[in-house]
Amino acid sequence: MDVTIKMREAIKQIPELELMGEPNMSIVAFKSGKLDVYILADELNKKGWHFERQQLPPSLHFTVNYIHKEVIDEFIADLNSAVADVREKRMAQMGNKLQSALVKGLSSVLPDGTLAKLQKNQTGALENENKAAMYGMMGALSGTSDLENIVLDFMDNIYSPKP
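Residues numbered from 1 in each chain as written. Predicted model: local features only at pLDDT ≥ 70, side-chain atom pairs only at ≥ 80, totals over all residues. Heavy atoms only, no water.

K.L.:
So what about the pattern of salt bridges? Which residues, and what values?
P.N.:
Opposite charge on two side chains permits pairing when their charged atoms draw close. Evaluated as defined, the whole model comprises 9 salt bridges. A salt bridge links Lys 31 to Glu 18; its shortest N-O distance comes to 3.8 Å. One end of the pair, Lys 31, is in strand E2 (residues 27–31); the other, Glu 18, is in strand E1 (residues 18–19), with 13 residues separating them in the sequence. Judged by its relative accessible area of 24%, Lys 31 falls in the partly exposed class. One network of salt bridges, with partners in common, ties together Arg 8, Glu 9, Lys 12 and Glu 22. (Salt bridge = Lys/Arg side-chain N within 4 Å of Asp/Glu carboxyl O. Helix = DSSP H or I, 4+ residues; strand = E, 2+ residues; numbered from the N terminus. Buried < 20%, exposed > 50% of the residue type's maximum accessible area, 1.4 Å probe, protein only.)

K.L.:
Got a sec to walk through the environment of Val 28? Specific residues and values, please.
P.N.:
When you line up the elements, Val 28 lands in strand E2. In this structure, the C-alpha to C-alpha distance between Val 28 and Thr 63, residues 35 residues apart in sequence, is 6.5 Å. Apart from residues lying up to four places away in sequence, Val 28 is in contact with Thr 4, Met 7, Ile 11, Leu 19, Pro 23, Leu 60, His 61, Phe 62 and Val 64. (Contact = heavy atoms within 4.5 Å.)

In structure tokens form, the structure reads like this:
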């Protein structure tokens, strides 16, 4: 519980992040109206921290375990560093938002399945730590058959043996 409290207080000290609720136990979640949390998750992944990405609203959550007791200070330093990195990547954020808006606009005028065909075999460029664009596109295509096809293709690409 001490680790959760320390993490919670560290998140509160970062002006761009907004804690979701007042966690006392093992789940800590936050969102941001100023930063793209999916890009933040990508940056944290590069540092070895793995957050679950959520939508509506875009947010991240982390399960705190006993093992984190020994690394909480390292985590807080990495979180602050990752937030600073994301602040510097404002253009990437703009690009992700533009891509999401474009996908949403195209999905309303193109026949069903067109975007999935265009996206097919393009998911290989999304390495494990670079998923921000994918999550933005998923939000834009929510409720369409294109989304299902793109996600299935993405999963096939991730889990297929590489030559």
